[in-house]
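Structural overview for review
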Amino acid sequence: MSTNTDLPDDENNHLFEQIARDIQTDGYSVNTNALSNLLNNSLWRESQITPPLALQQANIGRNADRALNATVRNDKILWIDQQTRTGTAWIAWADTLRLSLNRSLFLGLHSFESHFALYAPGGFYRRHHDAFHGQSNRLLSVVLYLNQNWVAADAGELVLYTGPNSTTELVVKPELGTLVVFLSEDIAHEVLVTSKDRHSIAGWYRTAPHAIM
Ligand code: OGA
Ligand code: MN
């Protein structure tokens, strides 16, 4: 697959180094305008044309525990695969980030999975962690926003609970091109009630299955 949708290598490297530094010191990283315009716009277009009926109701938990729980989250999702050029380009980009973080932080990230998510007006995702020690090999979470000209009244912000006791609230506007990366077990977070259709991609890097302890 061509990598012409990527930023030039030195720009990607700058971003990836920044993410590595942030993860090491804070456990999270927030970056605006993270992707090339081309990849950003392709993902934005794909998120807009995806028919909502093709989206599945997102589930909570894993495997046998999976239970539909609309009191916790009520977004709809569509897993991203390599059936489209855009999906392929996104997965290729995520892989370059994976390799870079493995080199700089020795995280041992092994695989990546991601989905589009749509929160309709009234949509939210209550405070949660993406992984619990010993229960999941999700190590690093990635969220990319796909909303143009998001204003304060649109709400639907991401809140990251950071700091020593997870009491500091960092509010992130879900604006197109903003990329959030955080340690899945460490950073509690929440999607506030949105008043407009809110598009994003959520993804997770996993360690190899045998690495679960
Ligand atoms: C998730 C999640 C955040 C967002 O899907 O686990 O926390 O802002 N998403 O879409
Ligand atoms: Mn989450």
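A quick note: this is a predicted structure, and the numbers were derived from the prediction, not measured.

**Focus: the nonpolar core**
Leu-43, Trp-90 and Trp-93 are the most contacted members of the largest nonpolar core, which totals 29 residues. Only helix H1 (9–26), helix H2 (37–49), helix H3 (85–105), strand E4 (109–119), strand E6 (138–145), strand E9 (179–183) and strand E11 (198–207) provide two or more residues apiece to this core. Ranked by residue count, the leading element in this core is H3, at 7 residues. Within the second largest apolar cluster, 14 residues are counted, among which are Tyr-119, Tyr-125, Tyr-145 and Val-172.

**Digging into H1**
In a regular helix each residue adds 1.5 Å, so 18 residues correspond to 26 Å; H1 covers 25 Å between its end C-alpha atoms and thus fits that length. Within H1 the residues assigned to the buried category are Asn-12, Leu-15, Phe-16, Ile-19, Ala-20, Asp-22 and Ile-23. On an axial view of H1, the arc spanned by its buried residues comes to 165 degrees, and they lie on one face. Exposed and oriented more than 90 degrees from the buried face of H1 are Asp-10, His-14, Gln-24 and Thr-25.

**Some thoughts on the confidence of the model for the protein chain**
Chain-level statistics for the protein chain give a pLDDT mean of 88 and a share of 85% at 70 or above. With pLDDT under 50 throughout, residues 1–5 is counted as low confidence; its partners more than four residues away or in other chains account for 7 contacts. Here residues 63–67 scores under 50 on pLDDT; set against residues more than four positions off or in separate chains, the count is 5 contacts.

**Here we look at the coordination of the manganese ion (ligand 2)**
At this site the manganese ion (ligand 2) is bound by His-128 (NE2), Asp-130 (OD) and His-189 (NE2), with donor distances of 2.1 to 2.2 Å. Summarised as a motif, the one-chain spacing of the donors to the manganese ion (ligand 2) is H-x1-D-x58-H. Note that His-128 is positioned in strand E5 (residues 125–128) and His-189 in strand E10 (residues 188–191), a separation of 61 residues in sequence. Owing to a relative accessible area of 13%, His-128 belongs among the buried residues under this scheme. By relative accessible area, which is 5% here, His-189 ends up buried.

**Quick notes on the side chain of Arg-138**
Structurally, Arg-138 can be placed in strand E6. Classification of Arg-138 by relative accessible area gives buried; the value is 18%. Engagement of the side chain of Arg-138 in a polar contact is seen with the side chain of Glu-113, the distance being 3.2 Å. Contacts of Arg-138, omitting those with residues within four sequence positions, involve Trp-79, Glu-113, Asp-130, Ala-131, Ser-184, Trp-204, Tyr-205 and Arg-206.

**Considering the pairing of E6**
For E6, the buried fraction is high: 7 of the 8 residues fall into the buried class. When E6 meets E11, the two strands line up antiparallel, connected through 7 bridges. Following the sheet pairing, Leu-144 is matched in E11 by Ile-201. Examined bridge by bridge, E6 and E9 share 5 bridges and lie antiparallel to one another. Note that in E9 the partner of Val-142 across the bridge is Val-181.

Calculation rules
Residues numbered from 1 in each chain as written. Chains lettered and ligands numbered in written order. Predicted model: local features only at pLDDT ≥ 70, side-chain atom pairs only at ≥ 80, totals over all residues. Heavy atoms only, no water. Core = buried A, V, L, I, M, F, W, Y, C linked by side-chain atoms within 4.5 Å. Buried < 20%, exposed > 50% of the residue type's maximum accessible area, 1.4 Å probe, protein only. Helix = DSSP H or I, 4+ residues; strand = E, 2+ residues; numbered from the N terminus. Expected span 1.5 Å × (residues − 1). Arc of directions from axis to C-beta. pLDDT = per-residue confidence, 0-100. Contact = heavy atoms within 4.5 Å. Donors = N, O, S within 2.8 Å, 3.2 Å for Na, K, Ca; no water. Polar contact = N/O pair within 3.5 Å; in protein donor to acceptor, adjacent residues only side chain to side chain. Pairing = 2+ DSSP bridges.

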